[in-house]
Amino acid sequence: MSDLAYNDVSRRALLKGGLLALATGPVLAACGVNTSGSGGEGSVNFLSTQFSPVEERQKYESTLKKFAGDIQVAYNPVDTGVFNTTLKSQLAAGKVEVGIAGGLHSDLVPFASQFEDLSSVTSDLSSAGYSEDLLELAKLGTDTPRYIPWIQATYVVAVNKKALDWLPSGADVNNLTYDQYLAWAQAAKAANGGRPVFGIPAGPKGLHHRFYQGFLLPSFTGGQITTFRNADAVTAWTYMRDLWANTNPASANYDFMQEPLGNGEVLVAWDHVARLINAVQNKPDDWLMVPAPSGPRGKGYLLIVGGMAVPQGSPEKDKAFALIKALSRPEAQIETLKSNAFFPTVKTEIGGDLPGGIALEAKAVKAQQEAGDAILALPPVGLGDKDPQVSQLFKNCFQEICLNNADVKATLDRQGAELASIMDTLNVPCWAPDPDADQCKVA
Amino acid sequence: MSHTKTTETTTQAARQQPEVDRRPLARQRRNRMLLQAACIVITLFMALPIYLIALSATSSRAALQEFPLSFIPDNFSLETMETFLQSTGILGGLINSVQVGIFTLLLSLIIGVPAGYAVARFAFPGRDPYQLFLLFTRALPIVVLSVPLAQLFLQTGLYDSVIAVVLLHTALALPTTILITSSVFLGVPRDVEEAARIFGCSPVQAFLKVVMPMAIPGIAAASIFTFVMSWNEVLGASILTLNQRTLPAQVLTSLAESPLAYRFAGGFLLVVPALVFIFFMRRYLTNMWGSTIR
């Protein structure tokens, strides 16, 4: 081995490295490359939990560019955990760099009292026509509005027209009952040689817990938390077991139904509108989008609301307020619907010039909301960091009852006891569809 | 030519001693074949996923919807890759990540190599507790570290800069750097260093000219650990930055929610630079089994 060569190389390299490090140390802070399209002096940092997938982000950034006027916006989509820690550490340090915090209702709840009072913005937007429910939610349990409703979404059923052949006679695809939905799934399975073609996003990142929280249980029991373990809930979960037996077993791996729907593995599936849209958008003529089925108590449906809030101490407070107003204009809200499939929160005529997939979706969402027997449900409100645990309990029920074939009553009692103890420690009021009570308790 | 000669001699030998035991030879040959087979299996185990990711990243989106997927690149298209690279912050994130990786590497070597040398060569009070204490930074979850760090950086104005991430990654990388280099320095005989001193080297010269070159493989190994750790670290980087993300912080969480095509494109882009780095460091690393360390 030529030690000599090594000698030279290593010493020179070390010297160079040392000098380089010394020289670059101070410059280093300045040489980072911007990754949010903007940022720096005078721009508004928009920290958000929404629109993080690559294409969705691009689309939303162009919406922002179109409506923000001369306000520079740095759009930073992150996951809920990072959203939380970033806001928390900035608020604790007393040096807030985030201008606008955008997230789902449940993302914003933990910071209620640390957001600016948006009364002035709300009164400026009084003609926008927000629904009473939304305005009440936006107060986050305080006396004044803490966020401005930004986006809303829900879940519907996407139907490949091929599957209509097996629709039970007498059933209206736009107004199904859960029994007809099950009969349809059974007929479709039988017609495909025993291969189920219905799907549900029960994968690790799938949103199937929202199906139990906002659709199945409200439709069968009229409640979500208070009725968690009553006799109606037993009926609901027994139904779920039957439905699972006629659902594509690969569903336990599906996170986004648009993928199995897109490649034809699944023909009928329930999921979040934004997670169905890609399959439908490519070939709108092959698809129908229909409201979720109705149960004995009505048509339970879950409403997802996102809001824009301004953390206290935000460096560009005035610009942030202006941006919120700009994004609340009906045109901006409709643009968001067209590009990202999230619905306007303001009252506006959606119009007929929607792209095919979005038009199908809009029709289904409207039908679902306006159904005579509709039961509005919200994702858990005010649970803070217990939120994932509560959702996990619903997933546990699915796991036990549908996958492990456990006894329904015993499973509900066991998971219900856990839910009851979480709810007892939290001491929060009930949310829709459970009846308004000072403290939400599992009956 | 020598070949024919050996066969000649062996045939001669066989003629003279017909009952020669060939079993050791056969066993050796069999072992060699097994070794080759094992090498091929391990290579496939490592290379196949990378091949599949590369294949999917360069396939058209429609091709990814087909079933079964083909194993040969018959649907070559750079469309997803291009859209992915052109989306906001991907190239910027890539540059930031490379910067963070390199600066973390330099900083952790500048601090870690002398520390490793000290741990290996000098008996000082509290050496063992010190070595144990080093591992403590890794015992704490990054979330616990990053939130107070984020507050500190916010107050000192370092927040949202490459240097903030470099400092965090250096702190995370130092334990492995120190422990790996110290174990390599232990392997460098003290006599060699003493000899250098006798021939007129100062202690620093002896370290730089004699000990360091012999410890290159260990330093290379530590570098790979450091770079790959820095490259893969997401949580700290996403908490300490806002507008100047590293690539994983920029895309990793969003990829989990993106369509399949982008997951492959992103995965491929995340794998490649680390592979390139390891490819260059490899030649230093292989010396570990060579003659450098006795």
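Not measured: the values here are computed from a predicted model.

## Some thoughts on the overall build of chain B
When helices and strands are tallied, chain B shows 15 helices and 0 strands. Relative to its 294 residues, chain B shows a buried fraction of 44%. Considering only contacts within chain B whose residues lie at least 6 apart along the sequence, 74% involve residues at least 24 apart. For chain B, the exposed surface amounts to about 16100 Å²; the carbon and sulfur share of it is 70%.

## Let's talk about the sheet that holds strand β5 (residues 155–160) of chain A
Residues and elements named next belong to chain A. Strand order in the open sheet formed by 4 strands is β6-β7-β5-β8, with mixed pairing between adjacent strands. Edge strands, defined here as strands with exactly one partner in the open sheet, are β6 (198–199) and β8 (287–290). Those strands touched by helix α8 (residues 208–221) are β5 and β7 (268–272), and its axis lies near 85 degrees from that of β7.

## Overview of the state of the cysteines
Residue and element names in this part refer to chain A. One pass over the full model with this rule turns up 1 disulfide over all chains. Between the sulfur of Cys430 and that of Cys440 lies a disulfide, 2.3 Å long from S to S. Classification of the bridge connecting Cys430 and Cys440 rests on its S-S torsion, roughly 95 degrees, and on that basis the disulfide is right-handed. One end of the pair, Cys430, is in the segment after α16 (408–426); the other, Cys440, is in the segment after α16, with 10 residues separating them in the sequence. The same class applies to Cys430 and to Cys440, which are both buried. The structure places no disulfide on Cys402, whose sulfur is separated from the nearest cysteine sulfur, that of Cys397, by 9.5 Å.

## Considerations on the confidence of the model for chain A
Here chain A shows a mean pLDDT of 86. Residues at 70 or above account for 92%. Long-range and interchain partners of residues 1–9 of chain A, a stretch whose pLDDT sits below 50, account for 9 contacts in this model, where long-range means more than four residues apart.

## Remarks on the domain arrangement of chain B
Residue and element names in this part refer to chain B. For chain B, the assigned domains are domain 1 (28–77) and domain 2 (88–289). For domain 1 versus domain 2, the distance between C-alpha centres works out to 31 Å. Listed per partner, the contact involves 7 residues of domain 1 and 8 residues of domain 2. Both faces combined, the contact of domain 1 with domain 2 buries some 730 Å², and carbon together with sulfur accounts for 85% of it. When residues of domain 1 are sorted by the area they lose upon contact with domain 2, Ile53, Arg61 and Leu64 head the list and together hold 56% of the total. Our enumeration of links across domain 1 and domain 2 arrives at 0 salt bridges. Summed over the shared surface of domain 1 and domain 2, the number is 0 residue pairs in polar contact (both at pLDDT 80 or more). Counting residues per element, the ones that place at least two in the side of domain 1 that touches domain 2 are α2 (23–57) and α3 (61–65).

## What to know about the nonpolar core
Residues Phe46, Trp184, Trp237 and Met240 of chain A are the most contacted members of the largest nonpolar core, which totals 152 residues. In terms of residue count, helix α9 (residues 231–245) of chain A provides more of this core than any other element does, 8 residues in total. Met81, Trp231, Leu247 and Leu255 of chain B belong to the second largest nonpolar core, which has 21 residues in total.

## Side note on a nonpolar patch on the surface
Judged by side-chain polarity, Ile40, Leu44, Leu48, Tyr51, Leu52, Phe71 and Ile72 of chain B come together as a nonpolar surface patch covering roughly 690 Å² of accessible area. Its location among the elements puts Leu52 of chain B in helix α2.

## Section: the confidence of the model for chain B
Low-confidence regions, as indicated by low pLDDT, have predicted coordinates that should not be scrutinised in detail. Residue and element names in this part refer to chain B. Summing up the model confidence of chain B, the mean pLDDT is 83 and the portion of residues at 70 or higher is 90%. By mean pLDDT, the top-scoring element of chain B is α2 (92), and the lowest-scoring one is helix α1 (residues 2–16) (54). This model gives residues 288–294 a pLDDT under 50, and the stretch forms 14 contacts once residues within four places in sequence are excluded. Scoring the predicted complex yields pTM 0.78 and, for the interface, ipTM 0.76.

## Things to note about the pattern of salt bridges
All names here are of chain A. Taken as a whole, this structure holds 13 salt bridges over all chains when the rule is applied. With its nearest N and O atoms 3.1 Å apart, the salt bridge here joins Lys66 to Glu335. Of this pair, Lys66 sits in helix α2 (residues 54–67) while Glu335 sits in helix α13 (residues 330–340); the two residues are 269 residues apart in sequence, bridging distant segments of the chain.

## Quick word on the domain arrangement of chain A
All names here are of chain A. You can read the domains of chain A as domain 1 (44–152 + 304–349) and domain 2 (155–302 + 373–426). Put simply, the middle of domain 1 and the middle of domain 2, counted by C-alpha atoms, are 30 Å apart. In this assembly, 10 residues from domain 1 lie in contact with 13 residues from domain 2. For the side of domain 1 that touches domain 2, the secondary-structure elements that each account for two or more residues are α4 (105–108) and α6 (132–137).

## A short note on the pairing of strand β1 (residues 44–48) of chain A
Residue and element names in this part refer to chain A. Burial analysis of β1 places 5 of its 5 residues in the buried class, the great majority of the element. By the alternation rule, side chains of β1 split into Val44, Phe46 and Ser48 and Asn45 and Leu47, which are all buried. For β1 and strand β2 (residues 73–77), the ladder comprises 5 bridges, and the chain directions are parallel. Among the inter-strand pairings, Asn45 is bridged to a residue of β2, identified as Ala74.

## Some thoughts on unusual backbone geometry
Residues and elements named next belong to chain A. Positioned with a positive phi, Ala341 is a non-glycine residue whose angle comes to about 65 degrees. Tracing the backbone shows Ala341 in the loop between α13 and α14 (356–370). In the Ramachandran plot, Asn405 falls in the positive-phi region, its phi being about 55 degrees despite a non-glycine side chain. Here Asn405 is to be found in the loop between α15 (387–403) and α16. With relative accessibility at 55%, the residue Asn405 sits in the exposed group.

## Quick notes on the pairing of β7 of chain A
Residues and elements named next belong to chain A. Burial analysis of β7 places 5 of its 5 residues in the buried class, which makes it a mostly covered element. The sheet contact formed by β5 and β7 spans 5 bridges and is antiparallel. By the bridge assignment, Ala158 is partnered in β7 with Ala269.

## What to know about the packing of α8 of chain A against α15 of chain A
Residue and element names in this part refer to chain A. α15 packs onto α8 with a crossing angle of 85 degrees between their chain directions and a minimal axis gap of 8 Å. When the axes of α8 and α15 are compared, the pair comes out roughly perpendicular. Where α8 abuts α15, its residues His208, His209, Arg210, Tyr212, Gln213 and Leu217 lie against Ser391, Phe394, Lys395 and Phe398. Of the residues that constitute the contact of α8 with α15, the class distribution is 4 nonpolar, 4 polar and 2 charged.

## Looking at the sheet that holds strand β4 (residues 148–153) of chain A
All names here are of chain A. Here 5 strands make up an open sheet; going across it, the order is β2-β1-β3-β10-β4 and the pairing mixed. Where the open sheet ends on each side, the last strands, each with one partner, are β2 and β4. On average, each strand axis in the sheet is inclined to that of its neighbour by 20 degrees, with strand direction left out of account. Two elements, strand β3 (residues 100–104) and strand β10 (residues 304–309), share 4 bridges in a ladder whose sense is antiparallel. Note on β10: the bridge partner recorded for Gly102 is Met308.

## Remarks on the packing of helix α11 (residues 203–214) of chain B against helix α12 (residues 216–232) of chain B
A packed helix pair is summarised by two numbers, namely the angle formed by the two axes and the spacing between the axes. Residue and element names in this part refer to chain B. The N-to-C vectors of α11 and α12 enclose an angle of 65 degrees; their axes lie 4 Å apart at closest approach. Contacts between α11 and α12 involve Met212, Pro213 and Met214 on the former and, on the latter, Ile216, Pro217 and Ile219. Counted by class, the contact of α11 with α12 contains 6 nonpolar, no polar and no charged residues.

Criteria and cut-off values
- Residues numbered from 1 in each chain as written.
- Chains lettered and ligands numbered in written order.
- Predicted model: local features only at pLDDT ≥ 70, side-chain atom pairs only at ≥ 80, totals over all residues.
- Heavy atoms only, no water.
- Helix = DSSP H or I, 4+ residues; strand = E, 2+ residues; numbered from the N terminus.
- Buried < 20%, exposed > 50% of the residue type's maximum accessible area, 1.4 Å probe, protein only.
- Contact = heavy atoms within 4.5 Å.
- Areas by Shrake-Rupley, 256 points an atom, 1.4 Å probe, with all protein chains shown as cover.
- Pairing = 2+ DSSP bridges.
- Axes fitted to C-alpha atoms, helices over the stretch in contact; angles between N-to-C directions.
- Disulfide = S-S within 2.5 Å.
- pLDDT = per-residue confidence, 0-100.
- Domains from an automatic or database assignment.
- Buried area = accessible area lost by both parts, 1.4 Å probe.
- Salt bridge = Lys/Arg side-chain N within 4 Å of Asp/Glu carboxyl O.
- Polar contact = N/O pair within 3.5 Å; in protein donor to acceptor, adjacent residues only side chain to side chain.
- Core = buried A, V, L, I, M, F, W, Y, C linked by side-chain atoms within 4.5 Å.
- Patch = residues over 30% accessible without salt bridge, like charges linked within 9 Å, V, L, I, M, F, W, Y side chains within 5 Å.
- Parallel < 35°, antiparallel > 145°, perpendicular 65-115°, else oblique.
- Nonpolar A, V, L, I, M, F, W, Y, C, P; charged D, E, K, R; others polar.

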